[in-house]
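# Working through the structure, step by step
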There are 4 protein chains.
Amino acid sequence: MYKYSFFNDYSEGAHPKVLELLTKTNFDQESGYGEDDLTSKAAKLIKKIIKNEKAEVHFVSAGTQANLIVLASILKPYESVIAAKTGHINVHEAGAVEATGHKINLVESSDAKVTVERLQEVLSGHGDEHMVKPRVVYISNSTELGTVYYKKELKAISDFCRKNGLYLFMDGARLGSALCSEGADLTLADIAKLVDAFYIGGTKNGALLGEAIVLVNPELQKNFRFHLKQRGALLAKGRILGAQFLALFQDNLYFELATHANKMAAKLTKAIKKAGYKFLTESKTNQIFPILPNKLIAKLQKDYGFYIWKKVDANNSAIRLVTSWATKEEKVDEFIKEL
Amino acid sequence: MYKYSFFNDYSEGAHPKVLELLTKTNFDQESGYGEDDLTSKAAKLIKKIIKNEKAEVHFVSAGTQANLIVLASILKPYESVIAAKTGHINVHEAGAVEATGHKINLVESSDAKVTVERLQEVLSGHGDEHMVKPRVVYISNSTELGTVYYKKELKAISDFCRKNGLYLFMDGARLGSALCSEGADLTLADIAKLVDAFYIGGTKNGALLGEAIVLVNPELQKNFRFHLKQRGALLAKGRILGAQFLALFQDNLYFELATHANKMAAKLTKAIKKAGYKFLTESKTNQIFPILPNKLIAKLQKDYGFYIWKKVDANNSAIRLVTSWATKEEKVDEFIKEL
Amino acid sequence: MYKYSFFNDYSEGAHPKVLELLTKTNFDQESGYGEDDLTSKAAKLIKKIIKNEKAEVHFVSAGTQANLIVLASILKPYESVIAAKTGHINVHEAGAVEATGHKINLVESSDAKVTVERLQEVLSGHGDEHMVKPRVVYISNSTELGTVYYKKELKAISDFCRKNGLYLFMDGARLGSALCSEGADLTLADIAKLVDAFYIGGTKNGALLGEAIVLVNPELQKNFRFHLKQRGALLAKGRILGAQFLALFQDNLYFELATHANKMAAKLTKAIKKAGYKFLTESKTNQIFPILPNKLIAKLQKDYGFYIWKKVDANNSAIRLVTSWATKEEKVDEFIKEL
Amino acid sequence: MYKYSFFNDYSEGAHPKVLELLTKTNFDQESGYGEDDLTSKAAKLIKKIIKNEKAEVHFVSAGTQANLIVLASILKPYESVIAAKTGHINVHEAGAVEATGHKINLVESSDAKVTVERLQEVLSGHGDEHMVKPRVVYISNSTELGTVYYKKELKAISDFCRKNGLYLFMDGARLGSALCSEGADLTLADIAKLVDAFYIGGTKNGALLGEAIVLVNPELQKNFRFHLKQRGALLAKGRILGAQFLALFQDNLYFELATHANKMAAKLTKAIKKAGYKFLTESKTNQIFPILPNKLIAKLQKDYGFYIWKKVDANNSAIRLVTSWATKEEKVDEFIKEL
């Protein structure tokens, strides 16, 4: 067993305030399938925060579920989604999007971010009915490599999408960390203006489970609950998703938790840099990718849990360290001492 | 607002012992995606109870999810599943099975149960490659009309399936209620011997959410986790499903809860019969379908929540009353007084 | 070997005039994938005959292909198609529609025809997101039991569909026979006014292969060629479908061939009635279903090919006799002598 | 209008001998759906030529249809197919494979050929249930860039596949041209030993339409006709596919036609090289990709039809010239004079 795990941001259960609200409301008789008061309040709260009363908010259990349902609900059979090669939907969802019948058009990216130039190349290469028709752009924020989109970048992608009849969808499994990262200049309200749909990740930021899908573009809202039901995502006790997001978004808890996670990662980053090591990407979020000597990695692995991400050269590898709302600062300090 | 709701068995949250275990284990660092200790213990416990160490147990969030994944994992593209016309997969899952590409062959049934005779008719009518090839029989226990399968019946269906190269799958969303109903003669171990796969419903019997899929037939076990992932069912914090089933199955809680629900339903049944009313089906489980005068229904609806199931004649309708582990006996008594 | 086969209407190749046009145009260099002159001319001719210049005409290889592509192109993932239980898409297409992800809602029918009453029942029973949302009505004309729709009937269904937001699709695998049947009061132009999409069957009325899909409703036309390509239906030499329909529709050949087939069936019907036998359905088209003594059937089977359709009682069965454009009157006469 | 088209190898109809056999057998009464004598004879002939009596041969209408059906018949929902980025299934089939639910894992390739090194990389990168499981390797021969596989190369891929539990599938839309190309060292019998399934393209080598799917590995044969039916590929008059392949493979016609096509392409290649131009790929087959000055291209386009394949630099582009069984040598000579 490890002294401490930096494997991921879902090693613990939920923040105590989340459990408290679940417990407090436990015996209220509520309607099923997300038509309860708790869900309704949580949705209202999120719509207030994103400053868009006409958006629709739907809660689901998990990120892959959110991605596959949103994309399948938008796309016609012959339409495709564009994503970075590193995109979660491309790499780590066991072909969930393809299982709903759709191709993913891939673009190269060294930092896991999509750019207008790469999008234009895909569009230029797809001209007739012998090829799929790209219709959605998928981006993750923060990305699978810990990077984030800045307002100017997101605006450029958004403009490109609107000009070219593409929908823009943001996977926010780690959106809290992105929004609260050092130098971040996007708010939830900004995002709601620039994308057509996104989801706010709960699982990786303090909930037991749960992601809040926000459908901003009214064209995407119609009959969405049918999609949820058909893909097995409507929970009989939908209340437990509503209650958790209520707990996370009243009193700013969601942002506090993400800020803590980032702070812990930043402390690690600073110490690792000080120790003279480089990083695979420039990350201000709760996932960092330091490049360490294999010998040091072997030593660290005796006491700490983390993934070896990528071989860099004969003697060095990038590892992934992930912090979370639950990461204890003393454990970070202990880890640092081992460097 | 209603004084009390008999709408369904998922109006409340979880049994306190379930919440307790979630809270108690909350800060343990565990592996993700169901590879944690809690899940492992819960699976082991269930395999012990069904007396089959070679079975596989997988936990998912919801019943529709369980049904669509199990069926899609078994069937080749041209294969179909046979179900009663009333079957949940046919009526109330928004085409989830068809969305995975498979046809449901329907059989008529007045009590929601499937019989060997009806199955034989389907097989006799499917002879060549111009038609789908039936490969799985789907049954729900207890059924959508509150009825249950008895050992002799299940044995007959099981024998028929094995003889004819069909797999048998039992939807156990309300399996607890079936097993604990008056006169029931099946155990979980019996079921594990007679079917190829089934699931044990948690959501409707004391959990916040969760269904335990049991794959008995080794042919159905291979690579099942790929299916779970692809359909969006692998929770990052799979631990919360494991923990809940652990709470439910250690100390027999699961059966106690179901027994309470049935007892409350039986009390209602007895009183309604005494008041001179008939029932749509003979149910010993936690769903009952009394046929009441429309006038009485209108009066009851002022204070109590329940569904009107079916018009029976000009003046009478069948309603559905559902009890659960959380149903308060005093509320049942109050309801009875209104008859 | 049989003296003669009444098994079906696709036992021979193509009408000589069809082969002639294929041969005559064989060495012209044409564009691929249906963008050739022959296809363009055939489409134009059909649009003229149906009196709708804004319709789109697309040619495919086979009936199941036509059905699955049209339906999959119309339906959103959670939407379903309503059909008679006897409908070809339900019984004899190996689950092709479900393989594209969609449920078929079935209605009972003794003559294989759909009625407004049955459709209303389906709509009344589908109210929320826990069920599929019926969106298309599928009818076949002539039906699988040889019956046809009359103008009044089709108008009633069409009105019902338009009032209820349903699309109406007609499977015309044997449309020629329906249009040319005794007492028929529908023209192709009538049909084009009353349905949203239909196809005109070539395979069973003189072509080597080919069905002409007609998309009347402009909402259904957009990007249809993407669907054709994705389902494997765009032929590199699409010209061979265009050429065949050109041969069939210039000089009225299509209707002459269907009339001949019907005439042969009518001759059989008359003789069988005269011999004292009844029929399973009242058919004026090229499929007839006489009920004959099993002994007689056994005798006829020695020399003639046909299917035994259905056991009627201990001593009698309904058989299916199918005539076609190629049926020789002398063979019909010989068959009659055996009765 | 062009003086002559080098756009593709499906600009004309069928070779006269193919039309002759269709005409000659036109009035024979045959069984439907490929259970006729002509199909049976053609299948037998092909099995003899590939020296494998246990193989199964099925005829379908088109290449995309062949690809999607074979792949969908092999793959479990979570399994994927590996292909070169240039592969027809990836680029030019409008997402047909994904529409059956499966991901395509892409490998880079400058000559459109797959190598063992690239395959190994894909396998190494796919380790658990969070990713798809690669199960089939797709190769096209000749490739989309006119190149061919040699025996040593195919043997290496075949060995790799067998060692790693992968099936090997060859898209033979232009297999004739590959087999008859200068320096080719593979026979149909060799291929049948090295792959698990392949198809022999008819459409692009003398047929009106038709591809012969050969299932060599017995594991892939079971119930294949169900797949054909479900995807809309079983033609009522399947005889017309059988007849065409019978015409092509009796008397070696198939190979003669491919040889002629290659000879015409070789003549073009020689002349273009002599005129001082380079090529995008080294092609010995009927597709060649010369790199010409844009000015010359503009001049040639006035009289000849061909595609501009790719911009090479500011002043030069690669064009694609395709020859076929029907290409007239005099037209090739005229084209050469224009260089």
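The structure this text deals with has already been given above.
Thresholds, definitions, all that
- Residues numbered from 1 in each chain as written.
- Chains lettered and ligands numbered in written order.
- Predicted model: local features only at pLDDT ≥ 70, side-chain atom pairs only at ≥ 80, totals over all residues.
- Heavy atoms only, no water.
- Buried < 20%, exposed > 50% of the residue type's maximum accessible area, 1.4 Å probe, protein only.
- Helix = DSSP H or I, 4+ residues; strand = E, 2+ residues; numbered from the N terminus.
- Phe/Tyr/Trp six-rings, centres within 6.5 Å; stacked < 30°, edge-to-face > 60°.
- Lys NZ or Arg CZ within 6 Å of the ring centre and 35° of its normal.
- Contact = heavy atoms within 4.5 Å.
- Buried area = accessible area lost by both parts, 1.4 Å probe.
- Salt bridge = Lys/Arg side-chain N within 4 Å of Asp/Glu carboxyl O.
- Polar contact = N/O pair within 3.5 Å; in protein donor to acceptor, adjacent residues only side chain to side chain.
- Least-squares fit on C-alpha atoms with pLDDT ≥ 70 in both.
- Nonpolar A, V, L, I, M, F, W, Y, C, P; charged D, E, K, R; others polar.
- Axes fitted to C-alpha atoms, helices over the stretch in contact; angles between N-to-C directions.
- Parallel < 35°, antiparallel > 145°, perpendicular 65-115°, else oblique.
- Left-handed = near helix turned anticlockwise from the far one by under 90°.
- Patch = residues over 30% accessible without salt bridge, like charges linked within 9 Å, V, L, I, M, F, W, Y side chains within 5 Å.
- Areas by Shrake-Rupley, 256 points an atom, 1.4 Å probe, with all protein chains shown as cover.
- Pairing = 2+ DSSP bridges.
- Core = buried A, V, L, I, M, F, W, Y, C linked by side-chain atoms within 4.5 Å.

On to helix α11 (residues 239–249) of chain D. For α11(D), the buried fraction is high: 11 of the 11 residues fall into the buried class. Note on α11(D): the residue one or two positions beyond its end, Asp251(D), has a positive phi of about 65°.

Let us look at the packing of aromatic side chains. If you walk through the whole model with that rule in mind, you get 66 aromatic pairs over all chains. Residues Phe249(B) and Tyr254(B) carry aromatic rings whose centres are separated by 4.6 Å and whose planes lie at 25° to one another, so their mutual orientation is stacked. Judged by its relative accessible area of 4%, Phe249(B) falls in the buried class. Seen in terms of ring centroids, Tyr138(D) and Phe169(D) are 6.1 Å apart; in terms of plane orientation they differ by 55°. Their pairing is tilted. In this pair, Tyr138(D) sits in strand β5 (residues 133–140) while Phe169(D) sits in strand β6 (residues 167–171), placing the two residues 31 residues apart along the sequence. For Tyr138(D), a relative accessible area of 1% corresponds to the buried category. Residue classification places Phe169(D) among the buried residues on the basis of a relative accessible area of 1%. One aromatic cluster in this structure is built from Phe59(A), Phe245(A), Phe249(A), Tyr254(A) and Phe255(A). Here the guanidinium or amino end of Lys113(B) rests over the ring plane of Tyr149(B), the centre of that ring lying 5.6 Å away.

As a further point, take the interface of chain A and chain B. Listed per partner, the contact involves 46 residues of chain A and 46 residues of chain B. A buried area of about 3900 Å², summed over both sides, lies between chain A and chain B, and 57% of it is on carbon and sulfur atoms. Counting the contacts that link chain A with chain B gives zero salt bridges. Run the count over chain A and chain B and you get 24 residue pairs in polar contact (both at pLDDT 80 or more). Mapped onto the side of chain A that touches chain B, the elements with two or more residues apiece are β1 (4–5), α1 (16–24), α3 (63–74), α5 (96–99), α10 (224–230) and α11 (239–249) of chain A. Here the side of chain A that touches chain B gets four residues from one element, more than from any other, and that element is α1(A).

The next thing to look at is the relation of the copies chain D and chain C. It takes a turn of 180° to lay chain D on chain C, together with a shift of 0.0 Å along the axis; the resulting RMSD is 0.0 Å. The transformation relating the two chain copies, once decomposed into turn and shift, fits a two-fold axis. The share of interface residues of chain D whose copies in chain C are also at the interface is 100%, consistent with both copies meeting through the same surface.

Across all of its chains, the model carries 64 salt bridges over all chains by this definition. Glu153(A) is paired through a salt bridge with Lys113(A); the nearest N and O atoms lie 3.0 Å apart. One end of the pair, Glu153(A), is in helix α7 (residues 151–163); the other, Lys113(A), is in the loop between β4 (104–107) and α6 (116–124), and 40 residues separate them in sequence. Each member of the salt-bridge network shares a partner with another, and the members are Glu35(A), Arg225(A) and Glu129(C).

Quick look at the side chain of Ser317(C) now. Residue and element names in this part refer to chain C. By the element assignment, Ser 317 lies in strand β13 (residues 316–322). Of the polar contacts made by the side chain of Ser 317, one reaches the side chain of Asn 294; its length is 2.8 Å. Ignoring anything within four residues of it in the chain, the contact list for Ser 317 reads Pro 290, Ile 291, Leu 292, Asn 294, Ile 297, Ile 308, Lys 310, Lys 311 and Val 312.

What follows covers the relation of the copies chain A and chain B. Once chain A is rotated about the relating axis by 180° and shifted along it by 0.0 Å, it coincides with chain B to within an RMSD of 0.0 Å. The overlap is high: 100% of the interface residues of chain A also sit at the interface in chain B, so the same surface is used on both sides.

Tallying the contact residues gives 46 residues for chain D and 46 residues for chain C. Taken together, both faces of the contact between chain D and chain C bury some 3900 Å²; the carbon and sulfur share is 57%. Counting across the chain D and chain C interface gives 26 residue pairs in polar contact (both at pLDDT 80 or more). Every element with two or more residues in the side of chain D that touches chain C is listed here: β1 (4–5), α1 (16–24), α3 (63–74), α5 (96–99), α10 (224–230) and α11 of chain D. Take the side of chain D that touches chain C: its biggest share by element is four residues, from α1(D). Residue classes in the side of chain D that touches chain C are distributed as 22 nonpolar, 16 polar and eight charged.

This brings us to the packing of helix α2 (residues 37–49) of chain C against helix α11 (residues 239–249) of chain C. All names here are of chain C. It is at 7 Å that the axes of α2 and α11 come closest, and there the two elements cross at 40°. Of the possible angle classes, the one that applies to α2 and α11 is oblique. Judged by the twist between their axes, the crossing of α2 over α11 is left-handed. Counted together, Leu 38, Thr 39, Lys 41, Ala 42, Leu 45, Ile 46 and Ile 49 of α2 and Arg 239, Gly 242, Ala 243, Phe 245, Leu 246 and Phe 249 of α11 form the full contact between these two elements. Across the contact of α2 with α11, the residue classes tally to nine nonpolar, two polar and two charged.

All right, on to a nonpolar patch on the surface then. Residues and elements named next belong to chain A. A cluster of nonpolar side chains, contributed by Leu 280, Tyr 307, Trp 309 and Val 312, occupies part of the molecular surface with about 330 Å² of accessible area. With respect to the helices and strands, Tyr 307 occurs in strand β13 (residues 307–311). Accessibility expressed as a relative area gives 41% for Tyr 307, which makes it partly exposed.

In this section: the pairing of β13(C). The side chains of a regular strand alternate, first on one face of the sheet and then on the other. Residues and elements named next belong to chain C. Most of β13 sits out of view: six of its seven residues are buried. Bridge analysis of strand β10 (residues 291–293) against β13 gives three bridges, and the strand direction is antiparallel. Pairing of Ile 291 across the sheet is with Ala 318, part of β13. Summarising the sheet, strand β12 (residues 307–311) and β13 pair through four bridges and their orientation is antiparallel. The residue bridging Tyr 307 from the neighbouring strand is Arg 320, located in β13. Hairpin connection between β12 and β13: a loop of four residues separates the two successive antiparallel strands.

Core analysis: the largest hydrophobic core is formed by 129 residues, its most contacted members being Phe198(C), Ile200(C), Phe198(D) and Ile200(D). Residue contacts for Ile200(C): discarding those within four places in its chain leaves Ile46(C), Gly172(C), Leu175(C), Leu188(C), Glu211(C), Ala212(C), Val214(C), Phe245(C), Phe249(C) and Tyr254(C). Of all hydrophobic cores here, the second largest spans 126 residues; its members include Ala14(A), Ala84(A), Leu186(A) and Ala55(B).

What follows concerns the pairing of strand β14 (residues 316–322) of chain A. Residue and element names in this part refer to chain A. Sheet topology note: the strand β10 (residues 287–288)/β14 ladder contains two bridges and is antiparallel. Paired with Ile 288 across the strands is Leu 321, a residue of β14. Judged from the three bridges that link them, strand β11 (residues 290–293) and β14 form a sheet pairing that is antiparallel. Each bridged residue has a counterpart across the sheet, and for Leu 292 the counterpart in β14 is Ser 317.

Residues and elements named next belong to chain C. Strand order in this open sheet of seven strands is β2-β8-β7-β6-β5-β3-β4, and the pairing throughout is mixed. Unpaired on one side and paired on the other, β2 (56–60) and β4 (104–107) mark the two borders of the sheet. Mean inter-strand twist for the sheet, computed between neighbouring axes without regard to direction, equals 25°. Note: strand β5 (residues 133–140) against strand β6 (residues 167–171), five bridges, orientation parallel. Along β6, the bridge assignment pairs Val 136 with Tyr 167. This element, α2, spans β2, β7 (197–201) and β8 (211–215) of the sheet and lies at about 125° to β2. Where helix α7 (residues 151–163) meets the sheet, its contacts fall on β5 and β6, and the angle it forms with β6 comes to roughly 145°.

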